[in-house]
Amino acid sequence: MSRGDCVAMEPRAVGVSKQDIREQIWDHMESQNLADFPRPVHHRIPNFKGASHAAEQLPCLQAFKTARTIKVNPDAPQKNARFFVLESNKTLLVPTPRLRTGLFNKITPPPGATKDILRKCATSQGVRNYSVPIGLDSKVLVDLVVVGSVAVSEKGWRIGKGEGYADLEYAMMVSIGAVSKETPVVTIVHDCQVVDIPEELLEEHDIAVDYILTPTRVITTGCERPQPMGITWSKISREMMEKIPVLRSLRAREQQAGKDVTLQGEHQHLPEPGRQQAVPLSAGRRPPDTPGPEANSMEAARGSPAGEGAPLAADVYVGNLPRDARVSDLKRALRELGSVPLRLTWQGPQRRAFLRYPDSAAAQQAVSCLQGLRLGTDTLRVALARQQRDK
């Protein structure tokens, strides 16, 4: 593979935007047939030809050799990178797709796994079948971060596919103390994706990379640009908060710590009326007069009579629980998503549970938050309890 592939990829300097660079690279890779499935590469982290070969250089990095826990993005071109982490008996963390159900999954191969099994664990299907969620309270420390890119410069400046997930994942890791400014960042790309990127395109939430691996080169960028210091809440929209439940938990934490968590388009830092505030995961405390985790009986679920003028409590139905699920599994998932109920009624033999929230608005919010939640390989059914009874 020659550097000639890169000549046409130098972005035009006048009025260039991040999207211009993305489109230019995507068009070039399509026209030159430089990518494997899935095609077309537009709006993706390209699964370029030679990705497996480029990843072979990852274990040679000193940063990899000394790392114990490595976070690798779930995209196809990093499949071989995930395999090398597992083969080296290191802890592999993979972000949950679009952060819908949390931040990380830890890949746990079966005991005595062969190389073939490890390669299956490194695929997207393997990530689903051989993983356990890692909660925000896990105190995980990430020693090396591997991200995908659409474009990257030899100075270490990076452009993703435009949805901002890699930058947000990094910011969230900063927020929970999983990474520091010394944590190395690696990206694996095709040679044609290494281009000049105008510095004026960079924003404070953009992550920079320390190492670039291509099929022909290992580039040490020596980048001194500071990494993001955490979540830039003013860049987070209300829509994004609805799509990514774990963000609500982190926002509640940072709000309690006295940080400015004003969202994009908000004019003042006030909780929304009727919106349930996420319970901090690290404190281990519960609100006054709230029963503890032991309140799992139907009697406990009924609760005490509401005071005069108090809003009526509302229940959420959770069904399709795995046959081997335990109440602790569901409690942990609820804590991670910031949807801790007042009470939980566990009906394991019927593969269902009921969650009590202080009012209908909080219950509806919980239903939205828990949509798509999985325990093991099963996706749970979630609905307002009254709607479920009607069905």
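Note that the coordinates shown come from a computational prediction; the quantities given were computed from them, not determined experimentally.

### Brief notes about the overall build of the protein chain
And step 1. A tally of helices and strands in the protein chain yields 13 helices and 16 strands.
And step 2. For the protein chain, the residues scored as buried account for 50% of the 391 residues in total.
And step 3. Taking all contacts inside the protein chain whose residues are at least 6 apart in sequence as the whole, residues at least 24 apart take part in 67%.
And step 4. Summed over all atoms, the accessible surface of the protein chain reaches about 19,200 Å², with 49% contributed by carbon and sulfur.

### Overview of helix α11 (residues 327-337)
And step 1. Those residues of α11 lying buried are Asp 329, Leu 330, Lys 331, Ala 333, Leu 334, Glu 336 and Leu 337.
And step 2. Against β4 (131-134), α9 (245-256), β12 (343-347), β13 (352-357), α12 (360-370) and β14 (374-375) lie the buried residues of α11.
And step 3. In the stretch just after α11, Gly 338 is the one whose phi turns positive, near 70 degrees.

### A closer look at the sheet that holds β12
And step 1. If you trace the four strands from one edge of the open sheet to the other, you get β12-β13-β11-β16, paired in antiparallel fashion. Two strands lie at the open edges of the sheet, namely β12 and β16 (381-384), each paired on one side alone. On average, each strand axis in the sheet is inclined to that of its neighbour by 20 degrees, with strand direction left out of account.
And step 2. When strand β11 (residues 314-319) meets β13, the two strands line up antiparallel, connected through six bridges. In the strand pairing of β13, Val 316 is matched with Leu 355.
And step 3. Those strands touched by α11 are β12 and β13, and its axis lies near 145 degrees from that of β12.

### Quick notes on the pattern of salt bridges
And step 1. Under the criterion given, the structure shown has 12 salt bridges.
And step 2. Between Glu 169 and Lys 71 there is a salt bridge, and its shortest N-O distance comes to 3.1 Å. Of this pair, Glu 169 sits in helix α7 (residues 165-175) while Lys 71 is found in strand β1 (residues 69-72), placing the two residues 98 residues apart along the sequence.
And step 3. Notably, a salt bridge pairs Lys 243 with Glu 239, separated by 3.4 Å at the nearest N-O pair. One end of the pair is Lys 243 and the other is Glu 239, both in helix α8 (residues 238-243) and four residues apart, which spans about a single turn.
And step 4. Three or more residues joined by partner-sharing salt bridges are found here, namely Lys 18, Glu 203, Asp 206 and Lys 235.

### Observations regarding the pairing of β1
When a strand is regular, its side chains alternate between the sheet's two faces.
And step 1. Neither face of β1 is exposed, since Thr 69 and Lys 71 on one face and Ile 70 and Val 72 on the opposite face are all buried.
And step 2. Summarising the sheet, β1 and strand β2 (residues 91-95) pair through three bridges and their orientation is parallel. By the bridge assignment for β2, Thr 69 is matched with Thr 91.
And step 3. Since β1 and β2 lie parallel, the crossover through helix α4 (residues 79-87) that links them has a hand, and here it is right-handed.
And step 4. With three bridges joining them, β1 and strand β5 (residues 144-147) adopt parallel strand pairing. The residue of β5 that forms the bridge with Ile 70 is Leu 144.

### Looking at the sheet that holds β1
And step 1. Pairing within the open sheet is mixed, and its eight strands lie in the order β4-β3-β2-β1-β5-β8-β9-β10. Every interior strand has two partners, whereas the edge strands, β4 and β10 (218-220), have only one. Shown here is a sheet whose adjacent strand axes are inclined to one another by a mean of 25 degrees, direction ignored.
And step 2. Against the sheet, α4 contacts β1, β2, β3 (104-107) and β8 (185-188), and its axis sits at roughly 150 degrees relative to β2.

### A few points about the packing of aromatic side chains
And step 1. Taken as a whole and judged by the stated rule, the model has two aromatic pairs.
And step 2. With 5.5 Å between their ring centres and 55 degrees between their planes, Phe 83 and Phe 84 make a pair best called tilted. Both residues of the pair, Phe 83 and Phe 84, count as buried.
And step 3. Geometry around Phe 64 places Lys 90 over its ring, the cationic atom sitting 5.2 Å from the centre.

### Digging into the nonpolar core
And step 1. Within the largest apolar cluster, 44 residues are counted, with the highest numbers of intra-cluster contacts made by Ile 21, Leu 58, Phe 64, Ile 70, Leu 144 and Ile 188.
And step 2. Per element, the largest residue contribution to this core is five residues, and it comes from α4.
And step 3. Contacts of Phe 64, omitting those with residues within four sequence positions, involve Leu 58, Pro 59, Ile 70, Phe 84, Val 85, Ser 88, Lys 90 and Leu 144.
And step 4. Ranked by size, the runner-up nonpolar core spans 37 residues in total, among them Leu 103, Ile 134, Tyr 165 and Ile 236.

Procedures and definitions
- Residues numbered from 1 in each chain as written.
- Predicted model: local features only at pLDDT ≥ 70, side-chain atom pairs only at ≥ 80, totals over all residues.
- Heavy atoms only, no water.
- Helix = DSSP H or I, 4+ residues; strand = E, 2+ residues; numbered from the N terminus.
- Buried < 20%, exposed > 50% of the residue type's maximum accessible area, 1.4 Å probe, protein only.
- Contact = heavy atoms within 4.5 Å.
- Areas by Shrake-Rupley, 256 points an atom, 1.4 Å probe, with all protein chains shown as cover.
- Pairing = 2+ DSSP bridges.
- Axes fitted to C-alpha atoms, helices over the stretch in contact; angles between N-to-C directions.
- Salt bridge = Lys/Arg side-chain N within 4 Å of Asp/Glu carboxyl O.
- Right-handed = clockwise from strand over helix to strand, strands pointing away.
- Phe/Tyr/Trp six-rings, centres within 6.5 Å; stacked < 30°, edge-to-face > 60°.
- Lys NZ or Arg CZ within 6 Å of the ring centre and 35° of its normal.
- Core = buried A, V, L, I, M, F, W, Y, C linked by side-chain atoms within 4.5 Å.

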